[in-house]
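# Coordinates in review
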Amino acid sequence: MRRLGVLALTAVLVALAAGASGEPPIESELALITPVSKFIHDAALKAFADYAKEKWGVTVKVSAIPAGTPVAYGRIVEWKGRPEVDIFWGGESALFEKLAEQKLLQKVEIAKELWESIPASIGRPKPIPLKDRDGFWIGTALEPYGLVYHPKKIQRLGIAEPKEWDDLLNPKLRGEVAQCAPTRSSSSNATYEVILSMYGEDRGWDWLKKLAGNTGHFTARSRDVPTVVAKGEYTAGFAVPSYMAFEEKLAGFDIKFVAPKNAFVTPEPMAILAGARNPKAARAFTEFLLSERGQRVVMERVLFPITPKYKVQGAPGSTAEMAVEFTGGVRSYFDRDVANVYDEAVAQKRSDALKTRFRSEIETVWKKP
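Residues numbered from 1 in each chain as written. Predicted model: local features only at pLDDT ≥ 70, side-chain atom pairs only at ≥ 80, totals over all residues. Heavy atoms only, no water.

Once that is clear, we can look at the pattern of salt bridges. Taken as a whole and assessed by the stated rule, the structure comprises 24 salt bridges. Note that Arg293 is salt-bridged to Glu54, the shortest N-O span being 3.0 Å. Taken together, the residues Arg293 in helix 12 (residues 292–299) and Glu54 in helix 2 (residues 38–56) connect sequence positions 239 residues apart. With relative accessibility at 57%, the residue Glu54 sits in the exposed group. The shortest N-O distance in the salt bridge between Arg75 and Glu84 comes to 3.8 Å. Judged by its relative accessible area of 44%, Glu84 falls in the partly exposed class. Through salt bridges that share partners, Glu193, Glu201, Lys209, Arg350, Arg357 and Glu361 make up one connected network. (Salt bridge = Lys/Arg side-chain N within 4 Å of Asp/Glu carboxyl O. Helix = DSSP H or I, 4+ residues; strand = E, 2+ residues; numbered from the N terminus. Buried < 20%, exposed > 50% of the residue type's maximum accessible area, 1.4 Å probe, protein only.)

This is the structure:
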């Protein structure tokens, strides 16, 4: 009996030692800060939590702080390497580059096959980087920033449906355009960069001032731009991510989206913050989003695959097929020529100056028409 007792005690001690030395596959929490709509990030986080439960038996508490990219960037800088979240997801990659320079990001270090499945870039004449050459961020989905409009209001104004940027300068749209300031929105900032790259600095700012002359409302968030257009409060919206417009379409509103030539396409970058409390969960979430299961989550919400391996497809009448119809039949950006004039290096250098000039030449003098 005594010998059995010793053996039992030994077994318990061995089990305890194994438990003490063994590390869980991932942490039980994951938090991110993101300009990506709740429509997207809630679905992605829920799908990941389900996946973590299935794969590892770990219940992961997930959460997100919604914030425009410039605001999110500012908060990350303020945290000084002691972040309140683990991941920064979405927006302009130029700001991710700036965070990497300040050593506020850690290397992604995901599975090699996932990293290599994503091409280095897409588009011409200026290639859009889809991942950081030094490994500090990785693209998760392709997302065009274009125009939205209310078809019935356009018809009432007696003008053609907008297809290109210049269509927003139509005098009949005076007071009818909604946009978000580039100081608050990465989609606006990137689209301002597109205009400046297309027309040059002087002519580009003249164009943006004319757009301001037709602008009836600067929204608090980029997400609000398609909302006010969908409700018929304004006729057209500038610099709108396609999935934000699609949300309104799914809600039953009459709204259309178009990506004009040279429309900025973001890879919706993702980075793990230096000092993240849950780095294993952060890497697992990143890998999940790049898997077929994760890509299906975003593709059903009118984002496009970040890799040529997948295409937006679904059953007839599915959300995925509705998304394809909404974007004019696009299933993959790798199946088409992507025109791009946005220059990552120029955007990074001009970022602060662009915001300063916007404040002084547009924001401080703008009056509602």
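Let us keep going from here.
Another point: helix 12. Residue pairs three or four apart in sequence face the same way in an α-helix, which turns once every 3.6 residues. Of all the positions in helix 12, only Gly294, Gln295, Val297, Val298 and Met299 are classed as buried. On its buried face, helix 12 is in contact with helix 2, helix 11 (279–290) and helix 13 (319–326). (Contact = heavy atoms within 4.5 Å.)

Relative to the assigned elements, Val346 resides in helix 14 (residues 344–363). Look at Val346 and you get partly exposed, because its relative accessible area is 34%. For the pair Val346 and Ser197, spaced 149 residues apart in the sequence, the C-alpha separation amounts to 9.1 Å.

Before going further, it helps to examine the nonpolar core. In terms of nonpolar packing, the biggest core is built from 67 residues, with Leu30, Ile87, Trp89 and Phe285 touching the most fellow members. Listed in part, the 35 residues of the second largest apolar core include Tyr149, Ile154, Ile195 and Tyr342. (Core = buried A, V, L, I, M, F, W, Y, C linked by side-chain atoms within 4.5 Å.)

Glancing now at the pairing of strand 15 (residues 269–273). Side-chain direction in a regular strand flips from residue to residue, so the side chains alternate between the two faces of the sheet. Here strand 15 lies mainly inside the structure; five of its five residues are buried. Of the pairings in the sheet, the one linking strand 8 (residues 138–139) to strand 15 comprises two bridges and is antiparallel in character. Directly across from Gly139, in strand 15, lies its bridge partner Pro269. (Pairing = 2+ DSSP bridges.)

With that settled, consider helix 8 (residues 201–214). Here helix 8 is 14 residues long and its end C-alpha atoms lie 20 Å apart, about the 20 Å a rise of 1.5 Å per residue gives. Inspection of helix 8 places Gly204, Trp205, Trp207, Leu208, Leu211, Ala212 and Asn214 among the buried residues, and these make up the whole buried set. Looking at the buried residues of helix 8, the elements they touch are strand 10 (177–180), helix 7 (186–199), strand 11 (215–219), strand 12 (236–241) and helix 14. (Expected span 1.5 Å × (residues − 1).)

With that settled, the discussion passes to the side chain of Thr327. The residue Thr327 is located in the loop between helix 13 and strand 16 (339–340) in this model. Among the polar contacts listed, one links the side chain of Thr327 to the backbone oxygen of Val324, at a separation of 3.3 Å. Residues in contact with Thr327, not counting those within four places in the same chain, are Val302 and Phe304. (Polar contact = N/O pair within 3.5 Å; in protein donor to acceptor, adjacent residues only side chain to side chain.)

Note the cis peptide between Arg124 and Pro125, where omega equals 5°. Residue placement: Pro125 occurs in strand 6 (residues 124–125). Look at Lys80: it is not a glycine, yet its phi comes out positive at around 50°. Mapped onto the secondary structure, Lys80 falls in the loop between helix 3 (69–79) and strand 3 (87–89).

Turning our eyes to something else, we now look at the pairing of strand 9 (residues 143–149). Among the seven residues in strand 9, seven count as buried, and that is most of the element. Pairing between strand 9 and strand 14 (residues 265–266): two bridges, direction antiparallel. For Glu143, the partnering residue across the bridge sits in strand 14 and is Thr266. Sheet topology places strand 9 next to strand 12; four bridges connect them, and they run antiparallel. Bridging across to strand 12, Tyr145 finds its partner in Pro241. Pairing of strand 9 with strand 13 (residues 256–258) involves three bridges; the strand directions are antiparallel. Across the sheet, residue Val148 finds its bridge partner in strand 13, namely Phe257.

Right, let's talk about the layout of surface pockets for a bit. Taken as a whole, the largest pocket spans an internal volume of roughly 460 Å³. Residue lining of the largest pocket: 28 residues in total, with Pro35, Ala67, Gly68, Arg221 and Arg223 positioned closest to the centre. Looking at the lining of the largest pocket, the elements that each hand over two or more residues are helix 2, strand 2 (61–66), helix 3, helix 7 and helix 10 (242–250). Of all the elements, helix 10 adds the most residues to the lining of the largest pocket, at three residues. Taken together, the residues of the lining of the largest pocket break down into 11 nonpolar, 11 polar and six charged. Roughly 370 Å³ of internal volume is contained in the second largest pocket. Around the second largest pocket sit 20 residues that line it, and Phe257, Glu325, Phe326, Thr327 and Gly328 are the ones nearest its centre. Within the residue set of the lining of the second largest pocket, elements represented by two or more residues are strand 9, helix 10, strand 13 and helix 13. (1 Å grid on protein atoms, 1.4 Å probe; cavity = no way out; pocket = protein on both sides within 12 Å on 5 of 7 lines; lining within 4 Å. Points joined across faces, edges and corners; volume = space filled by probe spheres on them. Nonpolar A, V, L, I, M, F, W, Y, C, P; charged D, E, K, R; others polar.)

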